[in-house]
Amino acid sequence: MSEVAPKVYGWCPGALRPMMSGDGLVVRIRAPLGRLSSDQAQAVADLSQSYGNGLLDVSARANLQMRGVSERDHPALIAALQDLGLVDTDAAAEVRRNVLVTPFWSQGDKTHALAQQLSDALVTATDLNLPGKFGFAVDTGPAPVLRNTAADIRIERTADSLVLLADGAKSGLPVTTETAVEEALNLARWFLDQGGAPDGRGRMKPLIARRTPPSAHVANLSSPAERPTLGQTATGQLVGLEFGQIPATSFADLATRGALRLTPWRALLVEDASNLAPLPGLILDATDPRLRVSVCTGAPGCRQALSSTRQLARDLAPHVPAQSTLHLSGCAKGCAHPASAPLTLTATAADTFNLIRNGKASDHPAQTHLSAAQLRASPDILTKGS
Ligand code: SF4
């Protein structure tokens, strides 16, 4: 185990309820339906340069994140984001409207309509006091693409209908476009009634592990699709972001080519675009080794970080074998990849890491006290003895 136990907050920052970090406030924008029009995206890029650190992150729940915002500038930033229609009017509505949408929808189709209805219903459901991390997924493309993304209540499609699913359950409730949203809110109320969130914290999956879902949840589920790869799709071009981050200038340039849809895969879908040109921070090649590396903010941006992380991730990426992945974590909390990874480097002090094989950032290390210089000089340390 690493020497220092990380602090667990149990809530995620929003725009109206930002979190203070090592480099200022973290402001997370829940763009409605995960989409920014070209004008919205260019305006957000400007705001990132005026009020933030000039970089934008896309989170594992497809939210857009600005860092380095001062407390003094926060009200002006929020007013600007509200003018753009990107922020709710109150923090409680912002917490409830936690809806992840498959990016492969078309204007006016079933997915678009369901996501809009669900978002609207959650904003007005003031009786629903859900935990801050509790979220919904509208994943109604031909096959589910969001199964590996955290969500507590999912709407998916089967061969002949829609199905509502409690995360972790093996079967779901058959629903229609007319009933799906109401039943999703009913399932959220069931979660609360069953004691899923004692002390205001909790997730659906652990509840389902202790308790079977409601008896009407008998419909079979579809098999999930493979994770989408970068490149051309029917909806536009899917482009990667280096470690989930992009300079605001590149974000603005990209937005001149189309509206941007946020995805949970450290990628953006540029609507109706093709043959996009390279930009700083952008990954166009699906075989780029940086796609095999997950890395958190690290020092100095995160107060809990024991070391900087990103440059080492950049330097080690070409040495991660094609079939493997590396998780580089600034502390044992493992924010960038909470699950197990073939290779994990967890910082234990400045430029000093533990190497964990087939485990999480907090698991028992195979090697300790590896310096960043040592790893750069002999990156085969990662694979030797594996
Ligand atoms: S894992 Fe990284 S981002 Fe998360 S708390 Fe630790 S240092 Fe900070």
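First, a word on what this report is: a plain description of the structure on this page. Keep in mind the model is a prediction, meaning the values are calculated, not measured.

## With respect to unusual backbone geometry
So, step 1. A cis amide bond links Ala 299 with the next residue in sequence, Pro 300, at an omega value of 5°.
So, step 2. Structurally, Pro 300 is set in the loop between strand S17 (293-295) and helix H8 (310-316).
So, step 3. For Phe 243, which is not a glycine, the phi torsion comes out positive at approximately 55°.
So, step 4. With respect to the helices and strands, the residue Phe 243 is situated in the loop between strand S12 (236-241) and strand S13 (245-247).
So, step 5. Taking the relative accessible area as the measure of exposure, Phe 243 reaches 5% and is therefore buried.

## Some remarks on the sheet that holds strand S5 (residues 64-69)
So, step 1. Pairing is antiparallel in the open sheet, where five strands are placed in the order S1-S2-S5-S4-S13. For this open sheet the edge positions go to strand S1 (19-21) and S13, each flanked by a neighbour on one side alone. Pairs of neighbouring strands in the sheet enclose a mean axial angle of 30°, with direction left out of account.
So, step 2. Alignment of S1 against strand S2 (residues 24-29), held across three bridges, turns out to be antiparallel. Along S2, the bridge assignment pairs Ser 21 with Gly 24.
So, step 3. Packed on one face of the sheet, helix H1 (residues 38-51) meets S2, strand S4 (55-58) and S5 and runs near 20° to S5.
So, step 4. Running at roughly 85° to S13, helix H7 (residues 248-255) makes contact with S4, S5 and S13 of the sheet.

## Structural notes on the nonpolar core
So, step 1. Of all hydrophobic cores here, the largest spans 43 residues; its most connected members are Val 44, Leu 64, Met 66, Leu 81, Phe 251, Leu 254 and Leu 268.
So, step 2. Considering each element in turn, this core owes the most residues, five residues, to H7.
So, step 3. Residue assignment places this core across two domains, with domain 1 (19-87 + 228-283) and domain 2 (105-210) each supplying three or more.
So, step 4. In this view, Phe 251 contacts Ala 41, Ala 45, Leu 56, Leu 64, Ile 246, Leu 260 and Leu 268; residues no more than four positions away in its chain are not counted.
So, step 5. Judged by nonpolar contacts, the second largest core, of 36 residues, contains Trp 105, Phe 136, Leu 173 and Val 181.

Calculation criteria
- Residues numbered from 1 in each chain as written.
- Predicted model: local features only at pLDDT ≥ 70, side-chain atom pairs only at ≥ 80, totals over all residues.
- Heavy atoms only, no water.
- Helix = DSSP H or I, 4+ residues; strand = E, 2+ residues; numbered from the N terminus.
- Buried < 20%, exposed > 50% of the residue type's maximum accessible area, 1.4 Å probe, protein only.
- Pairing = 2+ DSSP bridges.
- Axes fitted to C-alpha atoms, helices over the stretch in contact; angles between N-to-C directions.
- Contact = heavy atoms within 4.5 Å.
- Core = buried A, V, L, I, M, F, W, Y, C linked by side-chain atoms within 4.5 Å.
- Domains from an automatic or database assignment.

Spatial relationships are all this shows, so hold off on functional conclusions.
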